[in-house]
Number of protein chains: 2
Amino acid sequence: MGITKTEHFTDKQNELATLAKAIGHPARIAIIEYLIKVNSCICGDIVNELPLAQPTISQHLKELKNAGLIKGNFEGNAICYCLDEKGFEKIKLFFNHVDSYLENKKNQCC
Amino acid sequence: MGITKTEHFTDKQNELATLAKAIGHPARIAIIEYLIKVNSCICGDIVNELPLAQPTISQHLKELKNAGLIKGNFEGNAICYCLDEKGFEKIKLFFNHVDSYLENKKNQCC
DNA sequence: TATTTATATTGCAATATTACGATATGTTTT
DNA sequence: AAAACATATCGTAATATTGCAATATAAATA
């Protein structure tokens, strides 16, 4: 149905899914990588960098911001975007959990 | 258009997006967490654990498997599933990259 | 205040995802 | 071989996502 049964899962599971989903698009990966490279920039810079129209970039930025992966400050008439540690910190905890499991239990099954 | 312009992005960006997208659903987060808890199990166990129908679980397992996040071995007439380090290793590299950036550059902008 | 510059929003078309009933496939057991 | 068990696939309905043209909004500057 295209609709996810979020009510059947925990808040944490839903939050993690939202974060991962926000990262799950190549344009948004490219935006994150670009922000790491230039530290911070305005929306127009990303529009020039990526082969997507301005409204599309704006939409991707909105999703990254809603997920807590980037933040933006008004700077004159433009908005300066950069990474937001908060979102990445939350995902990091999940992957730390997975990694510590994988390091201890090596090829138990499969 | 619902269609992602993968051709405009690098293979690495597309692969990372595929991995993150596979994790980006609460049911698949729940499956990963359950596999960490029980180490390995068959599909039917997950069907009993989660409030989703068997075909839906089967579909989610397929996506996790295609992304390289889980693997399955035939064991009798059932299939034993467990986490696959390969997929997680690839995502880990990306997050390590992000984290080392975030640790060095604290609140440069925003 | 009119113009320019920068970004967001709206509306829409095309495609993707989610979910499940019904059914198919394959393996084990009787 | 038939029945039981385990999982995958098919078909379909409902909803979500992606992308962009057109347009709106908002700030800076002339």
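Residues numbered from 1 in each chain as written. Chains lettered and ligands numbered in written order. Predicted model: local features only at pLDDT ≥ 70, side-chain atom pairs only at ≥ 80, totals over all residues. Heavy atoms only, no water.

Draft legend 1. Fine view of the interface of chain B and chain A. In this assembly, 50 residues from chain B lie in contact with 49 residues from chain A. Overall, the association of chain B and chain A removes approximately 4400 Å² of surface from exposure, summing both partners, and the carbon and sulfur fraction of that is 73%. Between chain B and chain A we count two salt bridges in total. In this structure, B:Glu103 engages A:Lys92 in a salt bridge whose closest nitrogen and oxygen atoms are separated by 3.9 Å. Scanning the region where chain B abuts chain A turns up six residue pairs in polar contact (both at pLDDT 80 or more). Elements with a minimum of two residues in the side of chain B that touches chain A: helix 1 (11–23), helix 2 (26–38), strand 2 (70–75), strand 3 (78–83) and helix 5 (85–104) of chain B. At 12 residues, the largest contribution of residues to the side of chain B that touches chain A is made by helix 5 of chain B. (Contact = heavy atoms within 4.5 Å. Buried area = accessible area lost by both parts, 1.4 Å probe. Salt bridge = Lys/Arg side-chain N within 4 Å of Asp/Glu carboxyl O. Polar contact = N/O pair within 3.5 Å; in protein donor to acceptor, adjacent residues only side chain to side chain. Helix = DSSP H or I, 4+ residues; strand = E, 2+ residues; numbered from the N terminus.)

Draft legend 2. View of the packing of aromatic side chains. All names here are of chain B. Inspection of the entire model under this criterion finds five aromatic pairs over all chains. Between Phe94 and Phe95, the ring centres sit 5.4 Å apart and the planes meet at 75°, which makes this aromatic pair edge-to-face. Just as Phe94 is buried, Phe95 falls in that class too. (Phe/Tyr/Trp six-rings, centres within 6.5 Å; stacked < 30°, edge-to-face > 60°. Buried < 20%, exposed > 50% of the residue type's maximum accessible area, 1.4 Å probe, protein only.)

These figures come from the coordinates and say nothing about function on their own.
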